[in-house]
Amino acid sequence: MRDSTRHALERAAELTRNNRLVEAMATAEPVITTADEFESAEIRQWLIDHADDFSREV
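I will try to describe carefully the structure that is included in this document. (Residues numbered from 1 in each chain as written. Predicted model: local features only at pLDDT ≥ 70, side-chain atom pairs only at ≥ 80, totals over all residues. Heavy atoms only, no water.)

1. Some points on the overall build of the protein
When helices and strands are tallied, the protein shows 3 helices and 0 strands. The order of helices and strands in the protein, counted from the N terminus, is α-α-α. For 58 residues, the compact-globule formula gives about 10 Å, and the C-alpha radius of gyration of the protein, at 11 Å, lands near that figure. When the 58 residues of the protein are sorted by exposure, 28% land in the buried category. In the protein, 53% of the contacts between residues at least 6 apart in sequence involve partners at least 24 apart. Roughly 4,200 Å² of accessible area belongs to the protein as shown, and the carbon and sulfur atoms make up 52% of that amount. With 7 positive and 13 negative side-chain charges, the protein shows a spacing of 5 Å between the two charge centroids. (Helix = DSSP H or I, 4+ residues; strand = E, 2+ residues; numbered from the N terminus. Rg over C-alpha atoms; globule rule 2.2 N^0.38 Å. Buried < 20%, exposed > 50% of the residue type's maximum accessible area, 1.4 Å probe, protein only. Contact = heavy atoms within 4.5 Å. Areas by Shrake-Rupley, 256 points an atom, 1.4 Å probe, with all protein chains shown as cover. Lys, Arg positive; Asp, Glu negative; His and termini not counted. Charge placed at Lys NZ, Arg CZ, Asp CG, Glu CD.)

Shown next, in the form of structure tokens:
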């Protein structure tokens with residue numbers, strides 16, 4: 001996965017934890033929708049592995 005993609009996902013997780021879901025979606029959606037099939041698989045796995053990043057308290 002590209003560093004820029006990982007960074008966007010991490011930022012989206014941070015925004016979600018801070019109850020800024022609209023901004024989180026705006027941050028993550030472009031990298032998710034433009035990913036090729038290989039990066040999509042990596043994103044999917046990253047989201048599975050980091051699900052707690054989106055919900056833990058700050």
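What follows picks up the thread again.
2. Observations regarding the pattern of salt bridges
Enumeration over the complete set of coordinates arrives at 5 salt bridges. R6 is paired through a salt bridge with D3; the nearest N and O atoms lie 3.4 Å apart. Here R6 pairs with D3, and both are found in helix α1 (residues 3–17), just 3 residues apart, close to one helical turn. Close ionic contact of R20 with E23 constitutes a salt bridge, the shortest N to O distance being 2.6 Å. Connected through shared salt-bridge partners, D3, R6 and E10 make up one network. (Salt bridge = Lys/Arg side-chain N within 4 Å of Asp/Glu carboxyl O.)

3. Side note on the nonpolar core
Considering soluble globular proteins, one finds that nonpolar side chains tend to be buried as a cluster. Counting 10 residues, the largest nonpolar core consists of A8, L9, A12, L15, A24, A28, V31, A35, I43 and W46. Among the elements of the structure, α1, α2 (21–34) and α3 (37–49) are those that each provide at least two residues to this core. A total of 4 residues in this core trace back to one element, the largest contributor, which is α1. In contact with I43, other than residues within four places in its own chain, are M1, T5, L9, V31, I32 and A35. (Core = buried A, V, L, I, M, F, W, Y, C linked by side-chain atoms within 4.5 Å.)

4. Focus: the environment of A41
Checked against the element boundaries, A41 lands in helix α3. Overall, A41 belongs to the partly exposed group, its relative accessible area being 36%. Each C-alpha atom, one on A41 and one on M1, is 9.2 Å from the other, the two residues being 40 residues apart in sequence.

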